[in-house]
Amino acid sequence: MKQDEALRISFQVMSEIAIIGHLADTALGKLLPPELSVAGFGVLNHFVRLNVEGESPARLARAFQVTKGAMTYTLQQLEELNYVTLSPDPADARAKIVRITRRGRKARDASVALVNPGMKALIERLGAEEFARALPFLTKMRQVLDAARD
C-alpha cells in the first residue's frame, strides 16, 4: 500500500474511533443514574478494570488525560456519593490516595448492567466474532498511543 493511501486510511480509522467514542459516551451518559457522570463512571471503571487498590489524583489525571482540577472535581463528586475515599498518602503527607469503596464498586457494576442490553444489541447486529477480531488491533493501538503520550 502506498504511503498516501495508508495515511488516508489511518486518518479515517482514527476519525471513526473518535466518533464511536463520542457516540458511546453520549449513550452511556443517558443510561447512567443522574448523580453519576461519564467521567465519574470512567474513574470507577478504571479501578475495577485494572484492579487498582489506590491511586493518587495526579496519576488518575494523567491516566485520563485531564487537568488535576478536572480530576479533583470528579473525585469530589464521587467522594460525596461515597463511591471513593480520599485519604492521606502514608508515603507523602502532602498527597492523597483515592480508593474505590464497596458502594462505588456496586454503582459501577449496576451501571455496567444498564449498558449490557445495548451491548447485546450491538453483538446481535455486528457479531461477537467481529468484536473479538477488532480487540487485538485496538488494544495494540491503545498501547502504542499510551506509550507515546508521556
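In the block above lies the structure referred to throughout.
The shown structure was predicted, so the numbers you read here are calculated from the model rather than taken from an experiment. (Residues numbered from 1 in each chain as written. Predicted model: local features only at pLDDT ≥ 70, side-chain atom pairs only at ≥ 80, totals over all residues. Heavy atoms only, no water.)

Draft legend 1. Just the environment of Asp109, in detail. Counting through the fold element by element, Asp109 comes out in helix H5 (residues 102-126). Through-space distance from the C-alpha of Asp109 to that of Phe41 is 10.0 Å; in sequence the pair is 68 residues apart. Only 3.0 Å separates the side chain of Asp109 from the side chain of Arg108, close enough to count as a polar contact. (Helix = DSSP H or I, 4+ residues; strand = E, 2+ residues; numbered from the N terminus. Polar contact = N/O pair within 3.5 Å; in protein donor to acceptor, adjacent residues only side chain to side chain.)

Draft legend 2. Seen up close, the pattern of salt bridges. Taken as a whole, this structure holds six salt bridges when the rule is applied. Among the salt bridges present, the one from Arg108 reaches Asp109, with a minimum N-O distance of 3.0 Å. On the basis of relative accessibility, which here comes to 16%, the residue Arg108 falls in the buried class. We classify Asp109 as partly exposed; its relative accessible area is 38%. For Arg133, the salt bridge goes to Glu130, with nearest N and O atoms at 2.9 Å. (Salt bridge = Lys/Arg side-chain N within 4 Å of Asp/Glu carboxyl O. Buried < 20%, exposed > 50% of the residue type's maximum accessible area, 1.4 Å probe, protein only.)

Draft legend 3. Structural context of the pairing of strand S1 (residues 84-89). As judged from the six bridges shared by S1 and strand S2 (residues 92-100), these two strands associate in the antiparallel manner. Bridge pairing in S2 links Ser87 to Ile97. The hairpin turn running from S1 into S2, its antiparallel successor, is two residues long. (Pairing = 2+ DSSP bridges.)

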